[in-house]
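Residues per chain, in single letters:
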Amino acid sequence: MAAHKPVEWVQAVVNRFDEQLPIKAGQQNTHTKVSTEHNKECLINISKYKFSLVISGLTNILKNVNNMRIFGETAEKNLYLSQLIILDTLEKCLAGQPKDTMRLDETMLVKQLLPEICHFIHTYREGNQHAAELRNSASGVLFSLSCNNFNAVFSRISTRLQELTVCSEDNADVHDIELLQYISVDCSKLKRLLQETVFKFKALKKVAQLAVINSLEKAFWNWVENYPDEFTKLYQTPQTDMADCAEKLFDLVDGFAESTKRKAAVWPLQIILLVLCPEIIQDIAKDVVEETKMNKKLFLDNLRKALAGHSGSRQLTESAAIACVKLCKASTYINWEDNSVIFLLVQSMVVDLKNLLFNPSKPFSRGNQNADVDLMIDCLVSCFRINPHNNQHFKICLAQNSPSTFHYVLVNSLHRIITNSALDWWPKIDAVYCHSMELRSMFSETLHKAIQGCGSHPAVRMTPSLTFKEKMTSLKFKEKPTDLETRSYKFLLLSLVKLIHADPKLLLCNPRKQGPETQGSTAELITGLVQLVPQSSMPDIAQEAMEALLVLHQLDSIDLWNPDAPIETFWEISSQMLFCICKKLTSHQMLSSTEILKWLREILICRNKFLLKNKQSDRSSCHFLFLYDVSGGGTSQISLDHEEMIRCAPGATLRKGKGNSSMESTAGCSGTPICRQAQTKLEVALYMFLWSPDIEAVLVAMSCFRHLCEEADIRCGVDEVSVHNFLPNYNTFMEFASVSNMMSTGRAALQKRVMALLRRIEHPTAGNTEAWEDTHAKWEQATKLILNYPKTKMEDGQVTESLHKTIVKRRMSHVSGGGSIDLSDTDSLQEWINMTGFLCALGGVCLQHRSNAGLATYSPPMGPVNERKGSMISMVSTEGNAETPVSKFIDRLLTLMVCNHEKVGLQIRTNIKDLVGLELSPALYPMLFNKLKNTISKFFDSQGQVLLTETNTQFVEQTIAIMKNLLDNHTEGSSEHLGQASIETMMLNLVRYVRVLGNLVHAIQIKTKLCQLVEVMMERRDDLSFCQEMKFRNKMVEYLTDWVMGTSNQATDEDVKCLTRDLDQASMEAVVSLLAGLPLQPEEGDGVELMEAKSQLFLKYFTLFMNLLNDCSEVEDESAQTGGRKRGMSRRLASLRHCTVLAMSNLLNANVDSGLMHSIG
């Protein structure tokens, strides 16, 4: 299609892009975000070949979206997100615009796209978060548009300038002139702008003149920042035409600046115009200055005078500060060797400038703190680039008693120095490494104050578009002073974390410090960042903290943690971090936990890279070697809670919990306890993510097992021991990892595969035991919430998040017995189902309670039976200890088998039946069998009479289904566990109960299922154990033969006839399996009487079978005569006849002595 109908094909892609926008498709999730991103990339690639079609399509979409009417906060957010997606796609398409685009395309772009883009720029509302982001995005589109279509954009600006020269209105629209601030400008284009302005400036009204003055200054910086080499060459090879234009415009605006207010408005542009005239700057530095240049010299004198505070006007002082900062900034783009005069000019002003801007006792303020902060950052960065060794102003900003604005300015200045180093002669950040200690102190103090204020403050989303001042002013009249302070600390904290992310060495540097001190400062830094990761009230800071921690785990950064002892320090600090993060993950106290898990996977990769690089050195680190005690349920552990970890620095003492002795954490094998505990907690986290309703979370967790295995490989390679000593369940973990790469199926299939792998877990460890117990506790809470619904539903009808988050809310608010759930949220119920399956599948390895771990060992379902029998779990009683969590779990499952909840009862019963029957760990079979036997035995009174109730019947039916699934499933390892508990009593009681149900349709169906269960039971006869097998089988034959031909002759309804024939068939198939090799055993009699009784019993069964054969023949004859013979019934009768013959054969083969005479006769 793409080759033959390109227009239709491109339109189809554009339409798909349109349909998946949030405003059309609704709120985005992970899947839709990926799909939208894919559509964006597709359109961007297509635009390289079909540029006009794509741009036209996107422009129409943008136009339609802008004209949509929306209602409500959600719709407004989706509209804003859609507009951002479209604008971002447009910007990227325009950035890759082919050079051979036709003139017609250019006209189309201007006519259609430019007005839509200008709409976002012109309708900007101060303080509106969405408008600010949209304006930034739209300005990016305009910049890209002007790169290849400058003439079209410039034409719009020029036309508006021309209109304004003849406009008599004082409040004329100058929005189009302001477009100068956002367009792409190189040297030649800037010259055109200056020439156009010189030509029309005098004819403009004051409002238009001020707009031009402000916009031209921004256009200059667009040129310098995007084409710095061109500006540098201006001082190497002066351009007369550029200087002439700049000088003419300087004179024009100088004439315009008649009043103090106008002077304040034009000085920033005048200094820029003067910078564009290198020769004039040289000339006015001389003692004798030409008359034509006297106004330039006078301007500089006035500038110095105002900067020193001698102008008598605050307005001029503020404007002088702005102009001087612009001069300093521009001078950094000029090489000292090219023009030393401009640097002398800077030196003559910079002292007064710094005194004005960085005076703690009298902070500089113009009433617009946002602009003040930007000005101070520009000044600080420029001063550093001019003279990096004169850092007195750095010390002022670092001082603890300086205003918080100074701290904010310093941190953001350092970030700019690190991230923006376009020119070779700009000094690098290493000149500031000497201030690392002060920066770390600032981070610690800011972190403490921000988190201290977090508890009582709502979440604030800090987006890059809302700058420092905008956020502060938007809160001014709403918040108390303490709230304002907290928020200012949050903004400073975000900047500090970004600084760590940009250059971790800046805060890791510890000149002239000993190893323990270095390690302690690193630990404090990383611990602080770890505290930020779960902060839901500061999501932007949390995300940035994750990025910073990832950078700190790069190879070159880890080496700086403590150069004196890198490996020991790595194990100590990284393990503490891992423990803390995993603890938060397992308690589900983190929003976006899937994203955090992805990040954790990257951390694990970095850890393994470091270990691989240093594996030869690791031999000397004895805490690198810790092995699992697979016989008793895991490694010995210390108890180290999160708060204690936050307080502990590795240079200090780590103390064991519960009264154990302390261990010095900086020497010898001190890392062993925390390393073990970190690995345990990591295992727990990964196990518990396996039951998440989010497919992506499950797959990420499975992939993380690979990195645990890689770590074990590295460690066993160093020490030449088996990998299973480090990771007992290594083989299964590798299977989890391999499945994570292949799985692309749905949620149900993925969970089935997960449960199959969980059943293969071989060894009980601290990790899987804790994961099972924690999941069990959460499952119990979730079960209560579900069973109490809608009693626990919130009164306001709010739809809550999944149980992950429901349980979190309860914990965080410390409301015992609280919590809520909405069963309309399918993820909540799915999570409960997944947890149930997880507990069933992993229950075998966790069968023995941790406190009794030394009393028994678990034999995994692997290897030949004769090798495993000796190591199977030895239990005092297969009844199951009522105190163990596993026993409690099975008890709870049995109660849920008959759950009659109004909304989800059927779903719960169905899932319990399937999960217990198909996914239960074989090691739990004996416990299940005995609990089922005990429960069903209660359905009879002391005289053995059946207590017939609807609930009991439901339980019996569920038990039959579970047992059939369980015996039919042939789960790996089931053979060795099936025989550990006899099922004779349970099976007999099931038949005794079902016998009295009558002949209603449902009763017939239950009987049929029970017969099928008996047949499956006999197929697994070799795996099962029987106390009195022959007696049991004889009794079963007696009961089941009573159902043969019980109702088939009396039934009138055709459907009922079919069901009764199905029962006949199922009964006979079960009887066939029971009679195979079964000598008949009458219940009473001995000697001659016994033989007679046996003969009579044979005759009874033989007669029944003969009657059944005759009945089959009669029914066939009737059907043939009436012509109503049906193919289905015919097949049923043929199969029934075959079974009956087999039953007679089996009966005779096993009882020739008593049956031959009857069979011949």
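### Here's the deal with the overall build of the chain
And then number 1: When helices and strands are tallied, the chain shows 51 helices and two strands.
And then number 2: Here the chain holds 1161 residues, and 55% of them are scored as buried.
And then number 3: When contacts within the chain are restricted to residue pairs at least 6 apart in sequence, long-range pairs at least 24 apart make up 77% of them.
And then number 4: Carbon and sulfur atoms make up 50% of the accessible area of the chain, which amounts to about 49,900 Å² in all.

### Re the packing of aromatic side chains
And then number 1: With the rule as written, the count across this model stands at 27 aromatic pairs.
And then number 2: Look at Phe201 and Phe256: their rings are 6.0 Å apart centre to centre, the planes differ by 80°, and that puts the pair in the edge-to-face class. Of this pair, Phe201 sits in the loop between α9 (187-200) and α10 (206-226) while Phe256 is found in helix α12 (residues 240-256), placing the two residues 55 residues apart along the sequence. You'll find Phe201 and Phe256 in the same group, each marked buried.
And then number 3: A centroid spacing of 5.8 Å and a plane angle of 90° characterise the contact between Phe220 and Phe231, whose relative ring orientation is edge-to-face.

### Focus: the packing of helix α47 (residues 1029-1041) against helix α48 (residues 1054-1075)
And then number 1: Close contact between α47 and α48 brings their axes to 10 Å; oriented N to C, the two are set at 160°. For the element pair α47 / α48, the angle class is roughly antiparallel. Between α47 and α48 lies a crossing of left-handed hand. Of α48, the residues touching α47 (which contributes Arg1033, Met1036, Val1037, Leu1040 and Thr1041) are Ser1067, Ala1070, Val1071, Ser1073, Leu1074 and Leu1075.

### Examining the environment of Ile541
And then number 1: Of note, Ile541 is situated in helix α26 (residues 539-552).
And then number 2: Take Ile541: its relative accessible area is 0%, and that puts it in the buried class.
And then number 3: Measuring from C-alpha to C-alpha, the distance between Ile541 and Phe491 comes to 8.8 Å, with 50 residues separating the pair along the chain.

### Focus on helix α35 (residues 747-758)
And then number 1: When the terminal C-alpha atoms of α35 are compared, their 16 Å separation across 12 residues agrees well with the 16 Å that a helix rising 1.5 Å per residue should span.
And then number 2: The set of residues buried in α35 consists of Leu750, Gln751, Val754, Met755, Leu757 and Leu758. One side of α35 holds all its buried residues, which, seen down the axis, span an arc of 160°.

### Some words on the packing of α9 against α10
And then number 1: At their nearest, the axes of α9 and α10 sit 10 Å apart, and the two run at 170° to each other. By the angle between their directions, the pair α9 and α10 is classed as roughly antiparallel. In the crossing of α9 with α10, the sense of the turn from one axis to the other is left-handed. Between α9, through Cys187, Leu190, Leu193, Leu194 and Thr197, and α10, the contact on the second element is made entirely by Val212, Leu216, Ala219, Phe220 and Trp223.
And then number 2: Its residues assigned to classes, the contact of α9 with α10 shows nine nonpolar, one polar and no charged.

### Focus: the pattern of salt bridges
If the charged atoms of two oppositely charged side chains come close together, the side chains can form a pair.
And then number 1: Using the criterion set out here, one finds 37 salt bridges in the structure.
And then number 2: A cluster of three or more residues bridged by salt bridges with shared partners is formed by Glu37, Lys40, Asp88 and Lys92.

### Description of the side chain of Lys293
And then number 1: Along the chain, Lys293 turns up in the loop between α14 (278-284) and α15 (294-307).
And then number 2: Classification of Lys293 as buried rests on a relative accessible area of 11%.
And then number 3: Not counting residues within four places of it along the chain, the set of residues in contact with Lys293 comprises Ile280, Asp283 and Ile284.

### Let's talk about the confidence of the model for the chain
And then number 1: In this model, the chain carries an average pLDDT of 80, and 80% of its residues clear a pLDDT of 70 or more.
And then number 2: By mean pLDDT, the top-scoring element of the chain is helix α42 (residues 925-937) (94), and the lowest-scoring one is strand β2 (residues 663-664) (30).
And then number 3: In the model, residues 456-481 has pLDDT below 50 throughout and makes 56 contacts with residues more than four positions away in sequence or in other chains.
And then number 4: Counting interchain partners and residues more than four positions distant, the pLDDT-below-50 stretch residues 794-819 has 51 contacts.

### Brief notes about helix α20 (residues 404-419)
Every α-helical turn comprises 3.6 residues, leaving residues that sit three or four positions apart pointing alike.
And then number 1: Taking 1.5 Å as the rise per residue, α20 with 16 residues should run 22 Å; its terminal C-alpha atoms sit 23 Å apart, in good agreement.
And then number 2: Within the span of α20, buried status applies to Thr405, Phe406, His407, Tyr408, Val409, Leu410, Val411, Ser413, Leu414, Ile417 and Ile418.

### Here we look at the environment of Pro388
And then number 1: Looking at the element boundaries, Pro388 is found in the loop between α18 (369-386) and α19 (392-398).
And then number 2: With a relative accessible area of 18%, Pro388 lands in the buried category.
And then number 3: Apart from residues lying up to four places away in sequence, Pro388 is in contact with Cys383, Pro427 and Ala431.

### Re the environment of Asn834
And then number 1: Structurally, Asn834 can be placed in helix α38 (residues 826-842).
And then number 2: Judged by its relative accessible area of 3%, Asn834 falls in the buried class.
And then number 3: When sequence neighbours within four positions are dropped, the list of residues in contact with Asn834 reads Trp691, Ser692, Pro693 and Gln751.

### Comments concerning the state of the cysteines
And then number 1: On inspection of all chains with the given rule, the structure shows zero disulfides.
And then number 2: No disulfide involves Cys580; its sulfur sits 9.3 Å from that of Cys582, the nearest cysteine.
And then number 3: The class of Cys580 is buried, set by a relative accessible area of 3%.

What counts, and where the lines are drawn
- Residues numbered from 1 in each chain as written.
- Predicted model: local features only at pLDDT ≥ 70, side-chain atom pairs only at ≥ 80, totals over all residues.
- Heavy atoms only, no water.
- Helix = DSSP H or I, 4+ residues; strand = E, 2+ residues; numbered from the N terminus.
- Buried < 20%, exposed > 50% of the residue type's maximum accessible area, 1.4 Å probe, protein only.
- Contact = heavy atoms within 4.5 Å.
- Areas by Shrake-Rupley, 256 points an atom, 1.4 Å probe, with all protein chains shown as cover.
- Phe/Tyr/Trp six-rings, centres within 6.5 Å; stacked < 30°, edge-to-face > 60°.
- Axes fitted to C-alpha atoms, helices over the stretch in contact; angles between N-to-C directions.
- Parallel < 35°, antiparallel > 145°, perpendicular 65-115°, else oblique.
- Left-handed = near helix turned anticlockwise from the far one by under 90°.
- Expected span 1.5 Å × (residues − 1).
- Arc of directions from axis to C-beta.
- Nonpolar A, V, L, I, M, F, W, Y, C, P; charged D, E, K, R; others polar.
- Salt bridge = Lys/Arg side-chain N within 4 Å of Asp/Glu carboxyl O.
- pLDDT = per-residue confidence, 0-100.
- Disulfide = S-S within 2.5 Å.

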